[in-house]
Amino acid sequence: MVLYNDSAVVLRTWKLGEADRIISLYGAQSGKIRAVAKGIRKTKTKFGARLEPISYVSVQCWKGKELDIITQVESIELFPVLKRDLERIRKGFAMVEVVEELVGETGADFDIFKLLIRALYRLEACDSPFLLSGYLWKLLQTQGVVPELDTCVECGSQENLSAFARSGNGVVCSKHTNVTQISSDALRVFHLMSEGELSAALSLPDSELRLEVEAITVSLVETMLDHKVKALHLGGY
Ligand SMILES: [Zn+2]
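Just so it is clear, the model here is predicted, and its values are computed rather than measured.

Conventions used here
Residues numbered from 1 in each chain as written. Predicted model: local features only at pLDDT ≥ 70, side-chain atom pairs only at ≥ 80, totals over all residues. Helix = DSSP H or I, 4+ residues; strand = E, 2+ residues; numbered from the N terminus. Expected span 1.5 Å × (residues − 1). Buried ≥ 20, exposed ≤ 12 C-beta atoms within 10 Å, placed from the backbone. Axes fitted to C-alpha atoms, helices over the stretch in contact; angles between N-to-C directions. Parallel < 35°, antiparallel > 145°, perpendicular 65-115°, else oblique. Left-handed = near helix turned anticlockwise from the far one by under 90°. Contact = placed C-beta atoms within 7 Å. Nonpolar A, V, L, I, M, F, W, Y, C, P; charged D, E, K, R; others polar. Pairing = 2+ DSSP bridges. Domains from an automatic or database assignment. pLDDT = per-residue confidence, 0-100. Arc of directions from axis to C-beta.

**Quick look at helix 3 (residues 131–142)**
Note: α-helices contain 3.6 residues per turn, so residues at a spacing of three or four share the same orientation. Its twelve residues give helix 3 an end-to-end C-alpha distance of 17 Å, which sits within 8% of 16 Å, the value for a rise of 1.5 Å per residue. Counting buried positions along helix 3 gives ten out of twelve residues, so the element sits mostly inside the fold. Among the residues of helix 3, Leu131, Leu132, Ser133, Gly134, Tyr135, Leu136, Trp137, Lys138, Leu139 and Leu140 are the ones counted as buried. Among the residues trailing helix 3, Gly144 stands out with phi positive, at a value near 85°.

Set out below in structure tokens:
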């Protein structure tokens, strides 16, 4: 068997048998990792709380056929401030859970790792109202989802763009029905996020606009997955 090391964020964990857990992680060099932490549920375990979701760790694993086996774990960052604040925990869980659901086991993508780790460090430092939406929007881009924002995807019009197509592939003009209405302010936020002006979007104050933008990004994620993601609905919508 091959031994490897990586820096990784814990995405999700599952019980396995009496004492073990399966840990899903996203590693800088390995991408998605599925590994068993043996004995983690016993009281005197060397892994302790290091392998909880959202934690950023350095791991050493044996490569297995289906599941790898974790042999060592060191904490890099446990995000203690984030984990003491319910609103930030909600966002942190949403961030890792979406990588778990949306990103396949298709090898390493350093852009995804960088996006996730930067978002978590930012969430630890301060809670920006638009951080989760900005993160989801950028994560969708890594998966090839880049909604059209300037031209109606149904008829090509560039005027009266007032809704989002249910398919999630972009905006539509006011002629069309069975669409999700979008305010001009929300459309402006998506433009900022798409045009490298994420910090401008992140500095916007909390308002109804935050809920609108978050609801649209969540629906884009769920359209792509074709199912709901529970962690994205803990904010009450
Ligand atoms: Zn149209």
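**Topic: the packing of helix 1 (residues 86–102) against helix 3**
The interhelical angle for the contact between helix 1 and helix 3, taken along N-to-C directions, is 15°, at an axis separation of 10 Å. In this view, helix 1 runs roughly parallel relative to helix 3, as classed from their interaxial angle. You can see that helix 1 and helix 3 cross each other, and the crossing is right-handed. Together, Lys91, Ala94, Met95, Val98 and Leu102 of helix 1 and Leu131, Leu132, Tyr135, Leu136 and Leu139 of helix 3 make up the contact between the two elements. Grouping the constituent residues of the contact of helix 1 with helix 3 by class yields nine nonpolar, no polar and one charged.

**Topic: the sheet that holds strand 5 (residues 68–77)**
Overall, mixed pairing links the five strands, which are arranged 1-2-3-5-4 in a closed barrel. Each strand of the sheet is rotated relative to its neighbour by a mean of 50°, with strand direction disregarded. Here strand 1 (residues 3–16) runs beside strand 2 (residues 20–27); their pairing, made up of eight bridges, is antiparallel. Across the sheet, Val9 pairs through a bridge with Tyr26, a residue of strand 2. Strand contacts of helix 1: strand 1 and strand 2, with the helix running at about 95° to strand 1, the strand carrying the most contacts.

**Here's the deal with the sheet that holds strand 8 (residues 179–181)**
Spatially, 7-6-8 is the arrangement adopted by the three strands of the open sheet, whose pairing is antiparallel. Where the open sheet ends on each side, the last strands, each with one partner, are strand 7 (171–173) and strand 8. Here the strands of the sheet are splayed against their neighbours by 50° on average, with no regard to which way each runs. Pairing analysis gives three bridges linking strand 6 (residues 161–165) to strand 7, with the strands arranged antiparallel. For Ala163, the partnering residue across the bridge sits in strand 7 and is Val172.

**As for the domain arrangement of the protein**
Size of an interface, as often reported, equals the accessible area lost when the parts are brought together. Segmentation of the protein into domains returns domain 1 (3–77) and domain 2 (128–233). Between the C-alpha centres of domain 1 and domain 2 there is a distance of 34 Å.

**What about the confidence of the model for the protein?**
Here the protein averages 91 in pLDDT, while 97% of its residues score no lower than 70. The least confident element of the protein, judged by mean pLDDT, is helix 5 (residues 198–202) at 82; the most confident is strand 4 (residues 56–62) at 97.

**Observations regarding the environment of Val179**
Among the structural elements, Val179 can be located in strand 8. When the 18 C-beta atoms within 10 Å are taken as the criterion, Val179 is described as partly exposed. Residues Val179 and Ser167, twelve residues apart in the sequence, show an inter-C-alpha distance of 8.9 Å. Setting aside its immediate chain neighbours within four residues, Val179 contacts Ala163, Phe164, Ala165, Arg166 and Val172.

**Section: the packing of helix 2 (residues 110–125) against helix 3**
Interhelical geometry of helix 2 versus helix 3 gives an angle of 175° and a closest axis separation of 10 Å. Comparing their axes, helix 3 and helix 2 come out roughly antiparallel. Counted together, Asp111, Ile112, Leu115, Ala119, Arg122 and Leu123 of helix 2 and Leu131, Tyr135, Lys138, Leu139 and Thr142 of helix 3 form the full contact between these two elements. Residues belonging to the contact of helix 2 with helix 3 are distributed by class as follows: seven nonpolar, one polar and three charged.

**Describing helix 2**
Here helix 2 is 16 residues long and its end C-alpha atoms lie 22 Å apart, about the 22 Å a rise of 1.5 Å per residue gives. For helix 2, the complete set of buried residues consists of Ile112, Phe113, Leu116, Ala119, Leu120, Leu123 and Glu124. Looking straight down helix 2, one finds its buried side chains confined to an arc of 140°; they lie on one side. Turned more than 90 degrees away from the buried face of helix 2 sit Phe110, Asp111, Arg118 and Ala125, all of them exposed. Of the surrounding elements, those touching the buried residues of helix 2 are strand 1, strand 2, strand 4, helix 1 and helix 3.

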